[in-house]
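Secondary and tertiary structure notes
Here are the chains, one letter per residue:
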Amino acid sequence: MKVDQDEKMMNIYWLRPAYQRTTTSRWRSINKNVTLTTAVLLFFFALVVSFLAFAGWIDLAKYSGVSYESAMKFFVRKPTSSPPPPPPEFPLNCTEWNQNKTCPNNYPLKYEPTNLDDPSSNTTCPDYFRWIHEDLRHWKGTGITREMLEGARRHAHFRLVILDGKVYVEKFKETIQTRGLFTMWGIVQLLRFYPGRLPDLELMFDCNDRPVIRAKDFGGPNAGPPPLFRYCSDWWNLDIVFPDWSFWGWAETNIRPWRNVLKDIKEGNKRSKWSDRVPYAYWKGNPHVAPWRGDLMRCNVTEKDDWNARLHVQDWIPERKNGFKKSNLGDQCTHRYKIYIEGWAWSVSEKYIFACDSPVLLMTPGFYDFFIRGMMPQRHYWPVKGNDKCRSLKFAVEYGNNHTKKAEAIGSAGSRFIHEDMKMEYVFDYIFHLFSEYSKLLKFRPTIPPNAIELCAEALACPANGIWRKFMEESLEKSSSFTNPCTLPPPYDPQALKAFNDEKFKLSQEVEKWENEYWDKLTKSH
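So, here is what we can say about the structure in this document. (Residues numbered from 1 in each chain as written. Predicted model: local features only at pLDDT ≥ 70, side-chain atom pairs only at ≥ 80, totals over all residues. Heavy atoms only, no water.)

A few words on the state of the cysteines. All told, the structure shown has five disulfides when counted by the stated rule. Disulfide pairing is shown between Cys94 and Cys462; the S-S distance is 2.1 Å. In this structure the cystine formed by Cys94 and Cys462 twists about its S-S bond by roughly -90°; its chirality is therefore left-handed. You can see Cys94 sitting in helix 5 (residues 94-100) and its partner Cys462 sitting in the loop between helix 16 (457-461) and helix 17 (466-474), a full 368 residues away along the chain. In this model, Cys333 is linked to Cys356 through a disulfide, with the two sulfur atoms separated by 1.9 Å. Handedness here is read from the sign of the S-S torsion; for Cys333 and Cys356, about -75°, the answer is left-handed. One end of the pair, Cys333, is in the loop between helix 11 (316-321) and strand 8 (335-340); the other, Cys356, is in the loop between helix 12 (349-354) and strand 9 (360-363), and 23 residues separate them in sequence. Take Cys333 and Cys356: they sit in the same class, and that class is buried. Ordinal numbering of bonded cysteines along the protein defines a disulfide pattern of 1-9, 2-8, 3-10, 4-7, 5-6. (Disulfide = S-S within 2.5 Å. Helix = DSSP H or I, 4+ residues; strand = E, 2+ residues; numbered from the N terminus. Buried < 20%, exposed > 50% of the residue type's maximum accessible area, 1.4 Å probe, protein only.)

See the structure below:
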């Protein structure tokens, strides 16, 4: 019976043109009658409308904005265009790696986006990308020679080479935890995201915390400072800032790759409105990594004093033993205010703290990462004095609780900056443009060192296991990007840069003035 039904359906499908031919005359007759009926109805409708207009019961002027052309649009079928096919996916191929210990050769070395005609794909990068020009400004006049590059070797953990669309690494020394491993993993993902788009280059990378290329040692116009990439710098050093390893996961602390963390925090934000959150400043971290963090703990609530801060010690050893049950970042968006304070240098925690929809009370920083220079006090965060922490925190919370609309707006703007201007695609774009601009400065042809190995996803992920392997699989770019990188904005001209820094200083000074007035008034009242 089933066979008969299948045969019947197949006959209907294949014989459809013949079926249509035999029924054409009948349908023509029906269509003719339908057309005649429609015409008669439209004639009577027009007659009735004209009569009502003549009698003054309806005003056709109200509908004069609807032109004949506009009306006809309702009857014109718009051409349908099928969406572009998705780019092919290339999952990990550990079978081939385990057999040959060689990178697969099936991944494209070049891929052209499919929607270049879509105007939305030609976006301008967020404004903080302009700092790429500033970080590389020291080599604009001289370029980068091989001698300069080799000068950075004594600080570097590895040398990175991109040549003909492939990436190679020469390792010099081990890094803290798996910083080097996940930094290399991130660069491999960039090449999977934009295959064949990266220029040839050669660079040195230091995975330690603090910058080391002192500007005062290279003061002359032809001094030739060694170019060294790292996760942060400051105003006295020339190190080139680069997104930190944790964007692809920080396995030692169970912090997932960036795309997943943002989703977790976004869900956490939905659990409570800002106005319903605990009206204090919250911080959780390791106070032992730097003396200023230890000093922060003095601001915790006691029977004698309440500085409007709720501070918690994060001890990673018992947390690891308990499966990190109390360390989920999505569960830490519970207070109206979040505190950011640096560790030994900048802290990875900065981006997570900003993502919570709560205004960040930013303790006076000494270092900068790749994005914080694009944020503005009173717009994206609230500046807090590092040399008078407790009183400054107390004032910040008091001010916010008395100016709730402004406080909520600051929290929202800072969080939006993180979720929108620092989504993973923009992190890749930042590295893409940083590498592209850096490569233009090279005065030599990059070469593959004898001790270098080729890097690919398989070379890094297939030997890994446990949570390291899990995070690599989560952050694996299985296919190329649909779009081009965003368009890099031009560098600041001197006047615009000065105006930007002056505005930032002015807004910070304004907060300090309000704070001083608050404490003066409080002192006089007592």
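Read on for the rest.
Bringing the nonpolar core into the picture now. One finds Trp258 and Phe435 to be the most contacted residues of the largest nonpolar core, which totals 96 residues. Per element, the largest residue contribution to this core is ten residues, and it comes from helix 15 (residues 424-439). Excluding residues within four positions of it along the chain, Trp258 makes contact with Ser246, Phe247, Lys351, Tyr352, Ile418, Met422, Lys423, Met424 and Val427. Within the second largest apolar cluster, 26 residues are counted, among which are Val397, Ala407, Val511 and Trp514. (Core = buried A, V, L, I, M, F, W, Y, C linked by side-chain atoms within 4.5 Å. Contact = heavy atoms within 4.5 Å.)

Our focus in this paragraph is the pattern of salt bridges. Counted by the stated rule, this structure contains 32 salt bridges. One salt bridge connects Arg373 with Asp135, and the closest N-O pair in it is separated by 2.9 Å. One end of the pair, Arg373, is in the loop between strand 9 and strand 10 (382-384); the other, Asp135, is in helix 6 (residues 131-136), and 238 residues separate them in sequence. This pair shows no difference in class: Arg373 is buried, exactly as Asp135 is. The salt bridge partner of Arg230 is Asp206, with a shortest N-O separation of 2.8 Å. Of this pair, Arg230 sits in strand 4 (residues 229-230) while Asp206 sits in the loop between strand 3 (201-205) and strand 4, placing them 24 residues apart in sequence. Classification of Arg230 as buried rests on a relative accessible area of 0%. Put simply, Arg146, Glu150, Arg159, Glu170 and Glu202 are held in one network by salt bridges that share partners. (Salt bridge = Lys/Arg side-chain N within 4 Å of Asp/Glu carboxyl O.)

Here the focus is the pairing of strand 7 (residues 309-313). Relative to strand 7, strand 6 (residues 278-285) runs parallel, the two being bridged by five bridges. Across the sheet, the residue bridging to Gly285 is Val313, located in strand 7. Once the chain exits strand 6 it traverses helix 10 (residues 291-296) before rejoining the sheet at strand 7, and the crossover so formed is right-handed. (Pairing = 2+ DSSP bridges. Right-handed = clockwise from strand over helix to strand, strands pointing away.)

Okay, helix 9 (residues 258-270) next. Helix length check: helix 9 (13 residues) gives 19 Å between terminal C-alpha atoms against 18 Å at 1.5 Å per residue, within 8%. All buried positions along helix 9 are accounted for by Trp258, Asn260, Val261, Leu262, Ile265, Gly268 and Asn269. At its buried positions, helix 9 is contacted by helix 12, helix 14 (404-421), helix 15 and helix 17. (Expected span 1.5 Å × (residues − 1).)

Here we take up the side chain of Ser480. Along the chain, Ser480 falls in the loop between helix 17 and helix 18 (494-525). Beyond its immediate stretch of four places on either side in the chain, Ser480 contacts Pro87, Tyr107, Pro108, Tyr111, Arg192, Phe193 and Pro195.

Despite not being glycine, Asn308 shows a phi value in the positive range, around 65°. For Asn308, the position within the fold is in the loop between helix 10 and strand 7. Taking the relative accessible area as the measure of exposure, Asn308 reaches 8% and is therefore buried. A positive phi angle, near 60°, is found at Phe324, a position not held by glycine. Mapped onto the elements of the fold, Phe324 is located in the loop between helix 11 and strand 8. Judged by relative accessible area, which is 13%, Phe324 ranks as buried.

Before going further, it helps to spend a moment on the packing of aromatic side chains. Each aromatic ring pair is characterised by the separation of its centres together with the angle its planes make. One pass over the full model with this rule turns up 43 aromatic pairs. Taken together, a centroid distance of 5.0 Å and an interplanar angle of 50° make the contact between Tyr128 and Phe129 tilted. Using a relative accessible area of 1% as the deciding quantity, one classes Tyr128 as buried. The class of Phe129 is buried, set by a relative accessible area of 0%. A cation over an aromatic ring shows up here: Arg210 above the ring of Trp344, its NZ or CZ 3.7 Å from the ring centre. Note that Arg310 overlies the ring of Tyr280, its terminal NZ or CZ placed 3.7 Å from the centroid. (Phe/Tyr/Trp six-rings, centres within 6.5 Å; stacked < 30°, edge-to-face > 60°. Lys NZ or Arg CZ within 6 Å of the ring centre and 35° of its normal.)

Turning to the environment of Tyr426, a few remarks are in order. Within the element layout of this structure, Tyr426 appears in helix 15. Between the alpha carbons of Tyr426 and Pro126 there is a distance of 8.2 Å; along the sequence they are 300 residues apart. Apart from the residues within four sequence positions on either side, Tyr426 is in contact with Thr123, Thr124, Pro126, Tyr128, Phe129, Glu420, Asp421 and Cys486.

A word on the packing of helix 13 (residues 389-402) against helix 18. Between two packed helices, what matters for the description is the angle formed by their axes and the separation of those axes. At their nearest, the axes of helix 13 and helix 18 sit 10 Å apart, and the two run at 95° to each other. Considering the angle they form, helix 13 stands roughly perpendicular to helix 18. The residues of helix 18 that touch helix 13, namely those facing Arg391, Ser392, Lys394, Phe395, Glu398 and Tyr399, are Val511, Trp514, Glu515, Tyr518 and Trp519. Looking at the contact of helix 13 with helix 18 residue by residue, the class counts come to six nonpolar, one polar and four charged. (Axes fitted to C-alpha atoms, helices over the stretch in contact; angles between N-to-C directions. Parallel < 35°, antiparallel > 145°, perpendicular 65-115°, else oblique. Nonpolar A, V, L, I, M, F, W, Y, C, P; charged D, E, K, R; others polar.)

The sheet built from five strands is open, its strands ordered 7-6-8-9-10 with parallel pairing. The outermost strands of the open sheet, each flanked by one partner alone, are strand 7 and strand 10. In this sheet, adjacent strand axes meet at a mean angle of 30° when their direction is disregarded. Bridging between strand 6 and strand 8 involves three bridges; their strand directions are parallel. Across the sheet, residue Ala281 finds its bridge partner in strand 8, namely Tyr337. Where helix 13 meets the sheet, it contacts strand 6, strand 7, strand 8, strand 9 and strand 10, and its direction lies at approximately 155° from that of strand 10.

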